Amino acid sequence: TKVASTGYYKFEISPDTTTEGEHVYSVRTTLENGQVIYSEEQYFVYTPAGPWINISSMSMGDFAMDRPYLEGVAGYSLTEAEMLTLKDKEASKFEKQKIKEKVVERVEISFDNGKTFTEISDKPKWRYRIENQEMEEGFHFMVVRAVMANGDQAVTKMIIQIDKTAPSVKLISP
């Protein structure tokens, strides 16, 4: 994992790199002077099946300039048993319908850390223009949520920065 220019790091969790169950992680970094710093331990539970969402167009801490698009994808990973049920001619219509409800119904965004949400899409592949000229300067804590037709939800968080301060330029020679 590398640290981005914004000072944040990002890593992907997938079935290829993580086993199902409870996990603990911490981040270790080595400064230029050789000092090693560890983050606090964080805990999470991973399951390869269920709802998911990601943001692909920006990284944590990025500056939002010139009305950028926030883009991503949401979905639902079915279990192997659910996939087999959908193909099974003996399975009931009710069973199949319950599985078919595991699709994206809507994607929503919050700019107040999840207190209120606005719907931005009804499709798995979503795109939202951030109207940064209407936002206050500083850090904004966004939450993007995918709501499935069956009520399940997936959430991801992002911090963006708005800087409206014009740079000052000083000429030191003609």
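Structure shown above.
Residues numbered from 1 in each chain as written. Predicted model: local features only at pLDDT ≥ 70, side-chain atom pairs only at ≥ 80, totals over all residues. Heavy atoms only, no water.

A. Inspection of the sheet that holds strand β7 (residues 104-110) at higher detail. An order of β8-β7-β10-β11 is seen for the four strands of this open sheet, with the pairing classed as antiparallel. Here the strands that pair on one side only, and so sit at the sheet edges, are β8 (118-121) and β11 (153-162). The sheet shows a mean angle of 30° between the axes of neighbouring strands, direction not considered. Inspection of the sheet shows β7 paired to strand β10 (residues 138-148) by six bridges, in the antiparallel sense. Paired with R106 across the strands is V147, a residue of β10. (Pairing = 2+ DSSP bridges. Helix = DSSP H or I, 4+ residues; strand = E, 2+ residues; numbered from the N terminus. Axes fitted to C-alpha atoms, helices over the stretch in contact; angles between N-to-C directions.)

B. Region of the structure containing the nonpolar core. Ranked by internal contacts, the top residues of the largest apolar core, which has 22 residues, are I53, L70, V107, W126, V144 and I160. Looking at this core, the elements that each hand over two or more residues are β5 (50-55), β6 (69-77), β7, β10 and β11. Aside from chain neighbours lying at most four places away, what touches I160 is M58, D62, A64, I130, M135, G138, F139, H140 and M142. (Core = buried A, V, L, I, M, F, W, Y, C linked by side-chain atoms within 4.5 Å. Buried < 20%, exposed > 50% of the residue type's maximum accessible area, 1.4 Å probe, protein only. Contact = heavy atoms within 4.5 Å.)

C. Examining the sheet that holds strand β9 (residues 125-129) more closely. Taking strand neighbours across the sheet as the criterion, the three strands line up as β5-β6-β9 in an open arrangement whose pairing is antiparallel. Taken across any chain shown, the strands that pair with only one partner, and hence form the sheet edges, are β5 and β9. Strand-to-strand twist across the sheet, computed as the mean angle between neighbouring axes with direction ignored, equals 20°. Bridging between β5 and β6 involves six bridges; their strand directions are antiparallel. Within the sheet, the bridge partner assigned to W52 lies in β6 and is G75.

D. Just the environment of K102, in detail. Its place among the elements puts K102 in the loop between α2 (93-100) and β7. Residues K102 and G50, 52 residues apart in the sequence, show an inter-C-alpha distance of 8.4 Å. In this structure, K102 is in contact with Y76, L78, E82 and N150, ignoring residues within four places of it in sequence.

E. Layout of the side chain of Q161. Looking at the element boundaries, Q161 is found in strand β11. Discounting residues that sit within four places of it in the chain, Q161 has contacts with G61, D62, F63, A64, G138 and F139.

F. Seen up close, the side chain of E108. Within the secondary structure layout, E108 lies in strand β7. Assessed through its relative accessible area of 8%, E108 is described here as buried. A polar side-chain atom of E108 sits 2.8 Å from a polar atom in the side chain of R106. Within the structure, the side chain of E108 is placed 2.6 Å from the side chain of R145, a separation counted as a polar contact. (Polar contact = N/O pair within 3.5 Å; in protein donor to acceptor, adjacent residues only side chain to side chain.)

G. Broad picture of the pattern of salt bridges. Applying the stated criterion across every chain yields a total of seven salt bridges. One salt bridge connects E108 with R145, and the closest N-O pair in it is separated by 2.6 Å. Of this pair, E108 sits in strand β7 while R145 sits in strand β10, placing them 37 residues apart in sequence. By the burial criterion, E108 is buried, and R145 matches it. Several salt bridges share partner residues, and in doing so they unite E105, R106, E108 and R145 into one network. (Salt bridge = Lys/Arg side-chain N within 4 Å of Asp/Glu carboxyl O.)

All we've got here are geometric facts, nothing functional implied.
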